[in-house]
Structures are given as structure tokens and as C-alpha cells.
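# Structural overview
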Amino acid sequence: FLCLALDKPYIFYKPCATHTYFFIVVYWTMRWRRGKNYTKFGLRLKLAVTAISIYLVWDCPLGLWPIHAIIFGRSQESIAGAPYGQLWEFYFQGHLHHWASFVGMLFAINHAVTSLTLRRLEKLGKMTEFVFKGIIACTITVALFLWFLGPFHAKKYMYNAINAYFGFLPLLWYIFMRNATANLRSHHCEVFKTIGRYSLEIYLLHHHMFLSDETGSKLVITPGYPACNLLLILGMLLVVSKSLKEVTSVLISMFMASSSDKYAIR
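Let me begin by describing the structure that accompanies this report. None of these values were measured; they are calculated from a predicted model. (Residues numbered from 1 in each chain as written. Predicted model: local features only at pLDDT ≥ 70, side-chain atom pairs only at ≥ 80, totals over all residues. Heavy atoms only, no water.)

### Considerations on the overall build of the chain
Which entries qualify depends on this criterion: A helix here means a DSSP run of H or I that spans at least four residues, while a strand means a run of E at least two residues long, and both kinds are numbered starting from the N terminus. Note on classification: 1.4 Å probe, protein chains only; a residue is buried when its accessible area is under 20% of the maximum for its type, exposed when over 50%, partly exposed between these limits. A contact between two residues is defined here by any heavy atoms of the two lying within 4.5 Å.
Looking only at helices and strands, the chain features 13 helices and 2 strands. The principal-axis extent of the C-alpha atoms belonging to the chain is close to 60 × 55 × 50 Å. Each of the 266 residues in the chain was classed as buried or not, and the buried ones make up 27%. In the chain, of all internal contacts separated by at least 6 residues, the share reaching a separation of at least 24 is 57%.

### As for the environment of isoleucine 140
Within the secondary structure layout, isoleucine 140 lies in helix H7 (residues 126–149). With relative accessibility at 14%, the residue isoleucine 140 sits in the buried group. Note: C-alpha distance between isoleucine 140 and arginine 74 (66 residues apart in sequence) is 42 Å. Beyond its immediate stretch of four places on either side in the chain, isoleucine 140 contacts Leu172, Trp173 and Phe176.

### Overview of the pattern of salt bridges
Filter applied, for reference: Whenever Lys or Arg places a side-chain nitrogen within 4 Å of a carboxyl oxygen from Asp or Glu, that contact is recorded as a salt bridge.
One pass over the full model with this rule turns up 4 salt bridges. Residue glutamate 122 pairs with lysine 133 through a salt bridge whose shortest N-O separation is 2.8 Å. Residue glutamate 122 is found in the loop between helix H6 (100–121) and H7, and its partner lysine 133 is found in helix H7; the two are separated by 11 residues along the sequence. According to the relative accessible area criterion, lysine 133 is buried, its value standing at 9%. Taken together, the shared-partner salt bridges in this structure form one network comprising Glu122, Glu129, Lys133 and Arg185.

### Describing the nonpolar core
The condition that has to hold: In these notes, a set of buried Ala, Val, Leu, Ile, Met, Phe, Trp, Tyr and Cys residues joined through side-chain atoms within 4.5 Å is what counts as a nonpolar core.
Counting residues in each nonpolar core, the largest one holds 20 residues, and the members touching the most others are Ile11, Tyr21, Trp58, Phe72, Phe90, Trp99 and Phe102. Breaking this core down by element, the ones donating at least two residues are helix H2 (14–31), helix H3 (42–59), helix H4 (69–72), helix H5 (86–96) and H6. For this core, the element with the most residues is H3, which contributes 5 residues. In this structure tyrosine 21 touches Trp58, His68 and Phe90, once residues within four positions along its chain are discounted. With 13 residues, the next largest nonpolar core counts Phe12, Met209, Ile233 and Leu237 among its residues.

Keep in mind these numbers describe shape, not what the thing actually does.
Quick look at the structure:
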């Protein structure tokens, strides 16, 4: 919608292309022979095939990567959001996180058993809970510390090259620590909840509100007052993001809703 309304190429909103690509990877992994998703080893074999495919396409110099030119073409013409062409920009953005969809599937598949394990630990007594959760917490904290000492402090190009293999560690640490106890799981931060509701719209619109000139410069409304300028634009961004979310919801209701929806096109 923004691409059409603002005459921008799809690759200008970089994560949208990679998120769509990863969604397709997850969809076809689950859709292919979906009856196997409920067997003991069927889903694991499907994930193994997906992992091998990701490795061969993204990590092995077999020349398989150019198949993406079917979507993005081979042009190296500089356009908004892609100074070296759309294919190269997609490769750069995709390679940064090319294992993300696979790690996400692993997390989703093991979520139920992990949740059950935590709840059972909490019924075994405080000392047992403390010992086992402490072991897990120490293990992932050490892994996070090693990541901080190594990959996190790597030079820019090296960091970009290895981020796909280690970038999930901070997220894994946060998820465990955030949900380590029943008391923590029973509370949430309302600010994060609100930001999460409009996170996609905030990301897309910040290109046009915080930045200008194809992200080449900052938008200034109150020259000489940077703090006031930041707060003013932030407020505008949140208001416009909320409006865009509502418009998007209406459009989805029109084209993809059930027949009982008042916005549905009949």
C-alpha cells in the first residue's frame, strides 16, 4: 500500500521483503506433507530438509543464490533503498538473518514442551526450581557473554557475515529471563504492548517522518531545539502509525474477512 501510495520500490522497506521470504519458507515447510507435522519424527525430518536447503542456498558456494533473480532481476541500477540493485540489497538483508526462520520454527515447535517443563519445575519445590533454572540461566548467560566478547565486538563486515549464526542469543536470553518465574509471566509492560501493536507501521513510517530525502537526512520541524523536535515527530509518528494500522485492518476486513464482517466486499 505504501509502495503504491508513495511511489517507492518494494525493496525500499527492506525487512518487508525478507519477512515475506521467511514467511514463505515457514509456510512451505509446514505445508509440505503436513500430515507429518503430527508424527514423532516427520516434522523433525522436514526441519532437517529445510536446514540443509538454507545451508546450500545461503552458505555454500554452489551458485544456487541467483535463483532469487527470478523475483528481483539482475539489474544493478541504483534505486531508492537499493544503491547496488534490488537483488544485492535483498541478499545483504536476507543473509543477515537467513537462519532466523529456522530458529523461529525450532522455538515454536518446542514452546509447548518448554512451557510444560517450566511449570513442572515450579511444582517440585523452590530449591529444585532454583537449581535447575539457575543452571539454564547460567548456561545461556555464559553464551551471551561469549557472544558479547566475540561477535558483538567484531568489525562491521565480519559482524554482518556472522550475525545469522549468533544473532538469536540475546533474544533467547531475554525470553528465558523474562519468563523465568510465574510472577514475571503474569505481568507485562503496557508501553511495550502498545509499541508491539503498531511496530510494523512505526518501522515503515519512520523512513518518512524521522528521515527525509530517501533516508539521507533528518526531518527538522523546530530548528535549534533537537529534543522538542524529537518529541514532536515521535508523537506524530505514533498518531499516524495508529491511523495506518486502522486503515490496514479495514482493508484486510474488506478483502479477506468472513461474510459477517461489516467491511467485507460482497
